[in-house]
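Fold and contact review
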Amino acid sequence: MKIEENYIGGTFTKKDYLSPSYINLKDPRFIEIDGMYYSSLLVVDYLREQNEIIFNNLVETNEDIYISIYYERQDKYKVIKDLTYNIGNVKVDLENIGQARQDSEIAAFTYNDAKYIRKEMQINNEELYFIYTYITTFSKNKEELEKKVSRIEGIVRSQGLVTKKAFFRQEQTYKSVLPLMINDTDIKEVSKRNILTSSIAATYPFISSSIFDENGIFIGTNVYNDSLVFIDKYNREKYKNSNMCIFGTSGSGKSFFTKLMILRSSLFGIEQYIIDPDREYASIAKELDGTIVKIGPSSNTYINILDIREESLEDDQKGYLSTKISKIIGFFKLIFGDIEEDEKAVLEERLIKTYNDKGITFDDNSLYNGKKFKTTEDMPILKDLYNNLEGKMKTKLLPFINGSLKFFNEHTNVELNNKLIIADIYELGEENIKYGIFIFTELFWDKIKKNRKIKKSIFFDEIWQLIGVTSNKEVAGFVYKIFKTIRKYGGSAVAITQDVSDLFSLEDGTYGKSILNNSEIKSFFNLEEENIKVLEKYSNISNKEKVEIKSLRRGENVMFVGKEHILVRIEASEIEKKIIGG
């Protein structure tokens, strides 16, 4: 036995690993553990009436603190019995002493409080609890520790709380704030106060919104309490959809945040399609072996807007040609501008003829050569439509056939099987960028519908180009349809813009509002007063949040995640910053 005890006594256990090397209890003002000084406060009294969460200011402070709150439910029968006995005694005392004694007013308060508590317990089925609250702060410097204690005292006093320093009881209070469920008897009698069940809500400490989805992507930290923010936007049980809006001025951190989300989402194997009007995502594509498809005067890659793809319909759907025509009418309206209904009918008829000339009809079987779906070489191109047009529509299409935009008049020559595809439309310029955005939106939408089980995201950078005043109802309606229905395909649509006012400029903001309302997650970086006023009109931003959005620093944003509204500081590692270039 002695040999065994000696052996066990000489081993190094997990308990020894976690234990401090020394604890110093000599000074009554604090306890010292491994060079860190801890000092505690006991909350000994509260306001008689409390209309708000009493620990609000304390929890939202950036001070290093531990808070422990203990509740002990009391025997209801015994409490009512004791209250009845004391109420009778105090009533007799009040009748006898009248107003002669100085403590008569206090006795009257006690009498009324006791009657109120008894009534709540008997009539409203309340329970009586004892509450004990302990606050501990810490620092490596004794002088700084004293300053922290003073600051905390000031904060709690502003909420009507009375505290006492835990002198000569630092060890007991420190134990009580550790997650050990030790409420030491030496401090219980000092801090004990009674509270009814309905009043316990006012002591709830977790008042600052925090989001920590188990399978979520790390976003950053809550500015108020430094808690970590993880969001799993694909959580169907928690969120109505996976859509997201990201708004912010140039230089606010909007683009950095978007790239960070793309980078981190790739670690989860999520398919991602990005429409890149400003050539911002090249470094991300290079690092993640993504595919970059460029469309422009100097590019040698092409996408045919008239392609009909096999994945554009699901297995149980029919109508390849009718579905295609209904989508691309919006594209031609971008070119031709507002056209009358009779002109639209003519355009549709010429589109049908153009496909018919290639042997493609409303019979879905016409899209197959045997069992194989027709390739892009079997599809018409813009020149084929041009040959079937007349008048001003033919004239307006001419630049796409023989002019500066003739790169649109080609068969598709790229394979798009990567999990990350960047649509580089930078060379199109501000005036023609809307054509490129539409072409890739239509292409990516077909790919998104291919497999419902795979998680995927489509990013619309500068989305105002498609749903703003320079667009049209057909295109805006197509984009809105994506935001409304992408959820059932396992997808997420992300709208990004700095031109918030332009986003709501078409049809009195109808489409911008629809996209905003169909986005479960909204991220507002720093915005100008004008844009904040626009958002105020179309979303439920509080006055406090309006002030916050206007004064946000780079990398900070107000996030609406479902019903939660939190102020988040975006966090990134050095390697992430290097990849992104921020």
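Cut-offs and rules
Counting restarts for each chain, with residues numbered from 1 along the sequence as it is written. Confidence filtering applies because this is a predicted model: local features only for residues at pLDDT of at least 70, side-chain atom pairs given and counted only at 80 or more, and all residues used for totals across whole chains, interfaces and linings. The basis for every side-chain value is the complete set of non-hydrogen atoms in the structure, without hydrogens or water. A helix here means a DSSP run of H or I that spans at least four residues, while a strand means a run of E at least two residues long, and both kinds are numbered starting from the N terminus. Only the C-alpha atoms count toward the radius of gyration. The rule for a globule is 2.2 Å times the residue count to the power 0.38. Exposure categories follow from relative accessible area, calculated using a 1.4 Å probe and restricted to protein chains: below 20% of the type maximum is buried, above 50% is exposed, and the middle band is partly exposed. In this description, contact between two residues means that some pair of their heavy atoms is separated by no more than 4.5 Å. Note on areas: Shrake-Rupley, 1.4 Å probe, and residue coverage restricted to the protein chains presented here. Here the positive residues are Lys and Arg and the negative ones are Asp and Glu; neither His nor the chain ends is included. Charged groups are reduced to one reference atom each: NZ for lysine, CZ for arginine, CG for aspartic acid, CD for glutamic acid. Lines are fitted to the C-alpha atoms to define the axes, a helix being fitted only along its stretch in contact, and any angle between axes, read from their N-to-C directions, falls within 0 to 180 degrees. Put simply, a crossing is left-handed when the front helix is turned counterclockwise from the back one by less than a right angle, and right-handed when it is turned clockwise. Amino acids outside the nonpolar list (Ala, Val, Leu, Ile, Met, Phe, Trp, Tyr, Cys, Pro) and the charged list (Asp, Glu, Lys, Arg) are all regarded as polar, and Gly is one of them. Computed over the protein atoms alone on a 1 Å grid, cavities are sets of points where a 1.4 Å probe fits but cannot get out and pockets are open sets with protein on both sides within 12 Å along at least five of seven lines; a residue lines them when it has an atom within 4 Å of a point. Grid points are joined across faces, edges and corners, and a volume is the space filled by probe spheres set on the points. Centres within 6.5 Å make a pair out of two Phe, Tyr or Trp rings, where for Trp the six-membered ring is used; the pair is then stacked when the planes are under 30 degrees apart, edge-to-face when over 60, and tilted otherwise. We call a charge positioned above a ring when the Lys NZ or Arg CZ atom is no farther than 6 Å from the ring centre and deviates by at most 35 degrees from the ring normal.

1. Quick word on the overall build of the protein chain
Looking only at helices and strands, the protein chain features 23 helices and 20 strands. The globule rule puts the C-alpha radius of gyration for 582 residues at 25 Å, and the 34 Å found for the protein chain is more than 25% above it. With the C-alpha coordinates aligned to their principal axes, the bounding extent of the protein chain is approximately 110 × 70 × 45 Å. Sorting the 582 residues of the protein chain into buried and exposed places 50% on the buried side. In the protein chain, once contacts between residues fewer than 6 apart in sequence are set aside, the share between residues at least 24 apart is 74%. Here the protein chain has roughly 29,900 Å² of accessible surface; of this, 49% comes from carbon and sulfur atoms. Seen as two clouds, the 82 positive and the 89 negative side-chain charges of the protein chain have centres 2 Å apart.

2. Topic: the packing of helix α21 (residues 529-538) against helix α22 (residues 543-551)
At their nearest, the axes of α21 and α22 sit 10 Å apart, and the two run at 145° to each other. Seen from above, α21 lies across α22 with right-handed handedness. Two secondary-structure elements touch here, α21 through E529, I532 and E536 and α22 through K546, I549 and K550. Of the residues belonging to the contact of α21 with α22, the class tally is two nonpolar, no polar and four charged.

3. Section: empty space enclosed by the protein
Over the atoms a probe the size of a water molecule is rolled, and this reveals where empty space is left. Applying the stated rule across the entire model yields two cavities of 30 Å³ or more. Size it by volume and the largest cavity reaches roughly 120 Å³. Breaking the lining of the largest cavity down by element, the ones donating at least two residues are β8 (217-222), β10 (244-247) and α10 (254-266). Among the residues forming the lining of the largest cavity, the class breakdown is 10 nonpolar, one polar and one charged. Reported here for the second largest cavity is a volume of approximately 30 Å³. Together, R279, K294, I295, G296, S299, D424, I425, Y426 and E427 line the second largest cavity.

4. Description of the packing of aromatic side chains
In total, this model carries 26 aromatic pairs according to the counting rule given. Centroid distance F440 to F444: 5.7 Å. Interplanar angle 35°. Geometry classified as tilted. Of this pair, F440 and F444 both sit in helix α16 (residues 429-448), four residues apart, which is roughly one turn of that helix. Looking at F440, the relative accessible area reads 0%, which means it is buried. You can call F444 buried: its relative accessible area is 0%. Ring pairs connect the aromatic residues F331, F332, F336, F400, F407, F408, Y435, F438 and F478, which therefore count as one cluster. The ring of F138 is capped by K148, whose NZ or CZ atom sits 5.9 Å from the centre of that ring. Here the basic side chain of K192 rests over the ring of F130, its NZ or CZ set 4.7 Å away from the ring centre.

5. Some words on the layout of surface pockets
Quantified by volume, the largest pocket comes out at close to 1,100 Å³. R48, D113, I117, N194 and I195 are, among the 33 residues lining the largest pocket, the residues nearest its centre. Contributions of two or more residues to the lining of the largest pocket are made by α4 (76-97), α5 (104-123), β5 (128-139), β7 (193-196) and α9 (197-200). Ranked by residue count, the leading element in the lining of the largest pocket is α5, at six residues. In this structure, the second largest pocket spans a volume of roughly 600 Å³. Of all the secondary-structure elements, those providing two or more residues to the lining of the second largest pocket are β14 (372-373) and α16. A class-by-class count of the residues in the lining of the second largest pocket yields seven nonpolar, five polar and nine charged.

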